[in-house]
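# Remarks on the overall topology
Below are the chains, spelled out letter by letter.
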Amino acid sequence: MSQSWEIRQYTTDEETQACELATRLGLFPAMGRLLVARGIHTYEEAQSFFSPRLEELHDPFAMEDMLIAVERLNRAIEQREHILIYGDYDVDGTTAVALLYRYLRAQCLPEEYLHYYIPDRYDDGYGITLQGIDYARQLGVSLIISVDTGIKAFEEITYAREHGMDFIVCDHHTPDDRLPPATAILNPKRRDNHYPFTELSGCGVAFKLVQGLASRRNLPFETLLPLLELLVLSIAQDRVSILGENRIFISHGLQLINSHPSVAITYLMRLGKIQPGRVDMASIYYELGPRINAAGRMAHGAESVKLLIAEDAATAEAQSQILDEYNRQRQELDQQVTREAIALVESDPQLQKQRLIILYRPEWNKGVMGIVAARLADRFHRPVLILSHSTGDFLAGSGRSAGGFDLYQAIQACSDCLENFGGHIFAAGLTIREDRLPEFMRRIQEYADSVEQTSSQPFTPTLQIDAELKPSEVSRTLLRQVEMLYPFGTDNERPIFMTRSMRDAGGTRAVGKALQHLSLRMTDSYQRIRPLHGFALGLARYAPEITRHNTFALCFELEENNFYPQSFLQLRVKDLCLESELSERLTDR
């Protein structure tokens, strides 16, 4: 399916701000536009963006209930109460549990007073459970701290309090109008929120709690620094925004991982064949994060916590090997389920017409549904929900969004059909009784159809272009400036540029085992610039037209090719078309 191309449009005021920023900073005009698009409008904001400082972290006590939470936690420490940390089984949840556990163990309490609980994906399901509360009762726990979960656990928190246990909720998921009866609820998405940054990860909320605790106990801020590696993992893997406070966390966290990683991260790096000092966002996305996630998908998330709180090499090595094996099993299983799911969609014309794809097979493994939903959302360019049998009469589902569709809002609109649900705009999970599934499917499709009719989002995939460049602007100097925006991630993706009126400079050819890819050597239509190199996955079909010297346009990311002895600038092509087709591709925002 051909993509539409949409070039970001800037208002007159934004163009003026972008020009002023670029001039004052000595950057290309396109860089000024990129900064404005990220909410940066002044020279001072740009300096802060390029060089994030830990001193710019927000006061934790600006968050609602923080003082209450810190005072209750401090009292538990002073009185040697047993504390249970209750987290979700994904990367965000397990890193948040490990963060709290590591800090309290190192600075506040003997280990015998600290406990943690990760629900079993298959036996417990998602969120706070009565089984988990009963486990805390058996341990003599008087304070439960939930991380990355708990914002909807009204019944369960009521149950805990009836049995003499206080509850602090650290969550970042969107709450309902009614909040559970916890002692304190830390969530920057609360309706009464005044905290300056709303896009913290669950682990980030847990960090703010220990930041507040450190202040209350007069502990140096430096005692918090070893925790930053956990924040990097959670922010990257949970795909939360990496602007604002998260940019500070992730910038300094990456520096820590690359200079003084914990023994746990060191062994994960070895299994992922990541050289010391070479950890970047890609290696977290594709090597470290999936291994931590795999335990909760295939067995039990507590295995990940055991690794992340490890203090000795023997434990870290053993646990990392366990996670590596789970990840291998997960890869095999998710590839199998993905093939089956794609076949279902491609064999059903009715499914292909739907605005939101819903697939249910009772035998599918719950642990890979989110991965499969993400793969299908990318392939079919629309939101996807994957469901399988859970326990008893219940089904479990995971969804991923596409094209700006608010998946959480869609599920919330049908919440009376559900037993439980949670998530955000791009990803969500749910539990539903099997007999309610037909009604839920009908209603959420009606919702999706109504959104499509009123939305300007096109049904066909659209490639978002940050800025159009003249061929003469494409250079290593621009690449160096783009790299100033690093680290890249949600809300700060690597920029995609467009240029037009390019032509073959000799050497363009189809490559790959099946000759499906395209290696480009190109110049502008007047041959005024030195040849540029590009690589386009799966676009070899354009080779005949390009080598016949037809002009073309392309969308690309800039990168350095270091494969050869002498590195060179390379355009990683996202899409291209002949100049004659360009007007059909471009769409107005």
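Residues numbered from 1 in each chain as written. Predicted model: local features only at pLDDT ≥ 70, side-chain atom pairs only at ≥ 80, totals over all residues. Heavy atoms only, no water.

### Observations regarding unusual backbone geometry
To keep things clear, this is the line we draw: Put simply, DSSP marks the helices as runs of H or I at least four residues long and the strands as runs of E at least two long, and each gets a number from the N terminus on.
For the bond running from Y486 to P487, omega is 5°, close enough to zero to count as cis. Within the fold, P487 resides in the loop between α19 (476-482) and β14 (497-504). Its identity as a non-glycine residue notwithstanding, D65 has a phi of 75°, on the positive side. Note on placement: D65 falls in the loop between α3 (43-50) and α4 (66-78). Positive phi values are uncommon outside glycine, yet D491 reaches one of about 75°. Within the element layout of this structure, D491 appears in the loop between α19 and β14.

### Concerning the sheet that holds strand β9 (residues 394-400)
The criterion, for reference: Strands were regarded as paired on the criterion that DSSP finds at least two bridges between them. Where helices are involved, their axes are fitted lines through C-alpha atoms of the stretch in contact, as for all axes, and angles between N-to-C directions lie from 0 to 180°. In this analysis, two residues are considered to be in contact whenever any of their non-hydrogen atoms come within 4.5 Å of each other.
Reading across the sheet, the five strands line up as β7-β8-β9-β11-β10 and stay open at both edges, with mixed pairing between neighbours. The open sheet has two edge strands with one neighbour each: β7 (357-360) and β10 (420-423). Sheet twist, expressed as the mean angle between neighbouring strand axes with direction ignored, is 15°. For β9 and strand β11 (residues 427-433), the ladder comprises seven bridges, and the chain directions are antiparallel. Its bridge partner being in β11, F394 is matched across the sheet by R433. Sheet contacts for helix α16 (residues 369-380): β7, β8 (384-389) and β9; angle to β9, the most-contacted strand, approximately 40°.

### Comments concerning the layout of surface pockets
Going by this rule: Grid spacing is 1 Å over the protein atoms alone, the probe is 1.4 Å, and a cavity is where that probe fits but cannot get out, while a pocket is an open set with protein on both sides within 12 Å along at least five of seven lines and lining residues have an atom within 4 Å of a point. Grid points are joined across faces, edges and corners, and a volume is the space filled by probe spheres set on the points. Under the grouping applied here, Gly and all other residues not named as nonpolar or charged are polar, the nonpolar ones being Ala, Val, Leu, Ile, Met, Phe, Trp, Tyr, Cys and Pro and the charged ones Asp, Glu, Lys and Arg.
Empty space within the second largest pocket amounts to approximately 380 Å³. Elements with a minimum of two residues in the lining of the second largest pocket: β17 (532-536) and β19 (568-578). Residue composition of the lining of the second largest pocket, grouped by class: seven nonpolar, five polar and two charged.

### What to know about the pattern of salt bridges
Our working rule: Think of a salt bridge as a Lys or Arg side-chain nitrogen and an Asp or Glu carboxyl oxygen that are within 4 Å of each other. Exposure categories follow from relative accessible area, calculated using a 1.4 Å probe and restricted to protein chains: below 20% of the type maximum is buried, above 50% is exposed, and the middle band is partly exposed.
One pass over the structure, following the stated rule, counts 39 salt bridges. For the salt bridge of K189 with E199, the shortest nitrogen-to-oxygen distance reads 3.9 Å. With K189 in the loop between β6 (184-186) and α8 (202-216) and E199 in the loop between β6 and α8, this residue pair connects regions lying ten residues apart in the sequence. K189 gets classed as partly exposed once you look at its relative accessible area, which sits at 24%. Of the charged contacts in the structure, one is a salt bridge between E419 and R433, with a shortest N-O distance of 3.6 Å. In this pair, E419 sits in the loop between α17 (407-412) and β10 while R433 sits in strand β11, placing the two residues 14 residues apart along the sequence. Salt bridges sharing partners connect three or more residues here, namely D416, R436, E439 and R443.

### Here we look at the sheet that holds strand β20 (residues 586-587)
Taken in spatial order, the three strands of this open sheet run β12-β1-β20, and their pairing is parallel. Looking at which strands have only one partner, the edges of the open sheet turn out to be β12 (462-465) and β20. Judged from the four bridges that link them, strand β1 (residues 4-7) and β12 form a sheet pairing that is parallel. In the strand pairing of β12, S4 is matched with T462.

### A few points about the packing of helix α6 (residues 130-139) against helix α7 (residues 154-162)
Helices that pack against each other are described as a pair by the angle of their axes relative to one another and the distance between those axes. Note the threshold: Geometric relationships in this document are graded by angle, where less than 35 degrees denotes roughly parallel, more than 145 denotes roughly antiparallel, 65 to 115 denotes roughly perpendicular, and other angles denote oblique. Should the near helix be turned counterclockwise from the far one by less than a right angle, the crossing is left-handed, whereas a clockwise turn marks it as right-handed.
Contact geometry of α6 with α7 gives a least axis separation of 9 Å together with a crossing angle of 20°. As judged from the angle between their axes, α6 and α7 are roughly parallel. Here the hand of the crossing between α6 and α7 comes out right-handed. Residue-level inspection shows L130, I133, D134 and R137 of α6 in contact with α7, the latter providing E155, E156, Y159 and A160. Tallied by class, residues from the contact of α6 with α7 come to four nonpolar, no polar and four charged.

From the geometry alone we can't say anything about function, so treat these as descriptive.
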